[in-house]
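# Descriptive analysis of the structure
Read off the chains here:
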Amino acid sequence: MERVGICAICGSVSGLNTCSLCGRLVCSSCFDTSRNVCKQCSSGIIFSEMSSERSGLI
C-alpha cells in the first residue's frame with residue numbers, strides 16, 4: 001500500500017518513500033532509489049565518499 005502525504009523536503013503532495021538514514025518521508029523526486037535515501041542524505045554520502053577517496057581510504 002502506497003503512502004500519500006507531504007514530502008519533507010519539497011512539500012509536494014504525492015506517494016512517499018522513507019529514507020533509510022534519517023527517516024524522512026519524501027517524494028520520488030527527492031529520493032535516491034539507488035541508495036534508498038533522500039537527496040539530502042545522498043549528497044552527504046557522496047561528499048563522504050569523495051573525502052575518503054582523497055584520503056586514500058577507498
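All of the points below concern the structure found in this document. (Residues numbered from 1 in each chain as written. Predicted model: local features only at pLDDT ≥ 70, side-chain atom pairs only at ≥ 80, totals over all residues. Heavy atoms only, no water.)

## Some points on the overall build of the protein
Counting secondary structure elements, the protein contains 1 helix and 6 strands. Helices (α) and strands (β) of the protein occur, in sequence order from the N terminus, as β-β-β-β-β-β-α. Across the protein, every contact between residues at least 6 apart in sequence was considered, and the portion connecting residues at least 24 apart equals 5%. Carbon and sulfur atoms make up 54% of the accessible area of the protein, which totals about 3900 Å². (Helix = DSSP H or I, 4+ residues; strand = E, 2+ residues; numbered from the N terminus. Contact = heavy atoms within 4.5 Å. Areas by Shrake-Rupley, 256 points an atom, 1.4 Å probe, with all protein chains shown as cover.)

## What about the pattern of salt bridges?
Pairing is possible between side chains of opposite charge, provided their charged atoms come close. Enumeration over the complete set of coordinates arrives at 1 salt bridge. Taking the shortest distance from any N to any O, the salt bridge between Asp32 and Arg35 comes out at 3.4 Å. Look at Asp32 and you get buried, because its relative accessible area is 15%. (Salt bridge = Lys/Arg side-chain N within 4 Å of Asp/Glu carboxyl O. Buried < 20%, exposed > 50% of the residue type's maximum accessible area, 1.4 Å probe, protein only.)

## Regarding unusual backbone geometry
One non-glycine residue, Asn36, lies in positive phi territory at about 65°. Position of Asn36 among the secondary structure elements: in the loop between β5 (31-32) and β6 (37-38).

## Focus on a nonpolar patch on the surface
The grouping of Val4, Ile6 and Val13 at the surface amounts to a nonpolar patch, some 330 Å² of accessible area in total. Its place among the elements puts Ile6 in strand β1 (residues 4-6). (Patch = residues over 30% accessible without salt bridge, like charges linked within 9 Å, V, L, I, M, F, W, Y side chains within 5 Å.)

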